[in-house]
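Close look at the chain arrangement
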Amino acid sequence: MPELPEVEKAAGRLRRAAVGKTILAVRAIHPALRRKFTASHARAAKGKRIDSIERRGKHQLLHLEGGDTLVVHFRMNGDWEMGAATEPLDRFARATIELTDGTRISLVDRRALSAITLDKPGESSLPRLGLEASDAAMNAKYLVDVLRRKKIAIKPALMDQAVVAGLGNIYAAEALWEAKIDPRRPAAEVSRPRLGKLVDAIRLVLSPKKRLPGRYTDKRGAGRFAVYDRAGKPCRRCGGIIERIVQAGRSTYFCPKCQRR
Ligand SMILES: [Zn+2]
């Protein structure tokens, strides 16, 4: 699943390929995508200039002149492919945005789970989203407030998009390891100072350039993660053995030795 850093990168590629250009046609090719992108949406997008690209959580928002917004979510496998409109279409292209300069942006997705829709001014198809990790207002107080009434463990609570927008399974586990918090701990019981450490940890794991090299790579330089997908392997901090458990239907990896309840 594309995680936040990948979506951020994709939004950057989209920005370079599309901003300031004018839409010739947007097409939903796969029937599953046509349910949320109708003929009237296609008519509304036609001829509009793409003014800016915004990322909110894992949603990519293409703000069009006049106030409409194309909203794209990659879900499990989506990605952009840029090229000339004359090139053969990728067989997994599920939607296309053709521009008047002869280029074409394809939403490719092997499993066709991606979504595209168009919001009119004042409408929003986005779910309720919490603050972005990069938002200055994301701090221990914010997390105390949003987690106070949660009756679930901290890991699934963190994956609620209304808590931290865009934080997914991999980076929730990585951040909890950084902050030395047991993922099974009830969300409402994590102390405020510990949540302060968690805010720093979330920012750290979502910015690959800031991560300490030794923590995430072994002697051969292999491995991108501290705990994710490392069940049975030694913890890079304390040597404890990484465990895998299932929480809310998703795999959680953690070190039971140094992530304390
Ligand atoms: Zn450990």
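Above this text you will find the structure in question.
Basis of the calculations
Once a new chain begins, its residue numbering starts again from 1 and follows that chain's sequence as written. With pLDDT at 70 or above as the cut-off, local features in this predicted model cover only qualifying residues; side-chain atom pairs require 80 or more to be listed or tallied, and sums for whole chains, interfaces and linings still use all residues. To obtain the side-chain values, all non-hydrogen atoms of the structure were used and water was disregarded. Under the scheme applied here, a residue whose accessible area is under 20% of the maximum for its type counts as buried, over 50% as exposed, and between as partly exposed, the area being computed with a 1.4 Å probe on protein chains only. Put simply, DSSP marks the helices as runs of H or I at least four residues long and the strands as runs of E at least two long, and each gets a number from the N terminus on. Strand pairing requires that DSSP identify at least two bridges connecting the strands. Each pair of aromatic rings taken from Phe, Tyr and Trp, with Trp reduced to its six-membered ring, is defined by centres within 6.5 Å and is described as stacked if the planes are under 30 degrees apart, edge-to-face if over 60, and tilted in the remaining cases. Keep in mind that water is not among the atoms, so a site may look incomplete; donors are the N, O and S atoms within 2.8 Å of the metal, or 3.2 Å for Na, K and Ca. Geometry is assigned from the angles between donors: four donors with all angles from 85 to 135 degrees make a tetrahedral site, four or six donors whose opposite pairs exceed 155 degrees while the rest stay between 65 and 115 make square planar or octahedral sites respectively, and everything else is labelled irregular. For this document, the term salt bridge refers to a Lys or Arg side-chain nitrogen within 4 Å of an Asp or Glu carboxyl oxygen.

Taken across its six residues, strand β7 (residues 103–108) has five buried, putting it largely inside the fold. Summarising the sheet, strand β5 (residues 79–84) and β7 pair through six bridges and their orientation is antiparallel. Along β7, the bridge assignment pairs Asp79 with Val108. Summarising the sheet, strand β6 (residues 93–99) and β7 pair through five bridges and their orientation is antiparallel.

As a further point, take the packing of aromatic side chains. Within the structure shown, the criterion is met by four aromatic pairs. Seen from their ring centres, Phe74 and Trp80 are 5.4 Å apart, and the 70° between their planes marks the pair as edge-to-face. Here Phe74 falls in the buried class, since its relative accessible area comes to 2%. By relative accessible area, Trp80 is classed as buried at 3%. Centre to centre, the rings of Tyr171 and Phe225 are 6.0 Å apart; their planes meet at 70°, and the pair counts as edge-to-face.

Moving on: the pairing of strand β4 (residues 69–73). For β4, the tally of buried residues reaches five of five residues, placing the bulk of the element in the interior. Burial along β4 is two-sided: Thr69, Val71 and His73 and Leu70 and Val72, pointing in opposite directions, are all buried. Note that strand β3 (residues 59–64) and β4 share five bridges and pair antiparallel. Looking at the pairing, His63 lines up with Thr69 of β4. Joining the antiparallel neighbours β3 and β4 is a turn of four residues, in which Gly66 adopts a positive phi near 95°. Summarising the sheet, β4 and strand β8 (residues 115–119) pair through five bridges and their orientation is antiparallel. Across the sheet, residue Thr69 finds its bridge partner in β8, namely Asp119.

Looking now at helix α6 (residues 169–178). Counting buried residues along α6, 10 of its 10 residues qualify, which places the element largely inside the surrounding structure. What α6 keeps buried is the set Asn169, Ile170, Tyr171, Ala172, Ala173, Glu174, Ala175, Leu176, Trp177 and Glu178. One or two positions beyond α6, positive phi appears at Lys180, with a value near 55°.

Within the protein, the atoms that donate to the zinc ion are Cys235 (SG), Cys238 (SG), Cys255 (SG) and Cys258 (SG), at distances of 2.2 to 2.3 Å. The coordination sphere of the zinc ion comprises four donor atoms, whose angles at the metal cover 98 to 116°; the geometry is tetrahedral. Spacing between the donor residues of the zinc ion along their common chain follows C-x2-C-x16-C-x2-C. Of this pair, Cys238 sits in the loop between α8 (213–216) and β9 (243–247) while Cys258 sits in the segment after β10 (250–254), and the two are 20 residues apart along the sequence.

Attention shifts here to the pattern of salt bridges. Here the idea is simple: oppositely charged side chains can pair when their charged atoms come close. Considering all chains together, one arrives at 13 salt bridges under this definition. Across the pair Glu132 and Arg56 runs a salt bridge, and its minimum N-O distance is 2.8 Å. One end of the pair, Glu132, is in the loop between β8 and α4 (140–147); the other, Arg56, is in strand β2 (residues 50–56), and 76 residues separate them in sequence. On the accessibility criterion, Glu132 (8% relative accessible area) is buried. Salt bridges sharing common partners tie together Glu8, Arg55, Arg56 and Glu132.

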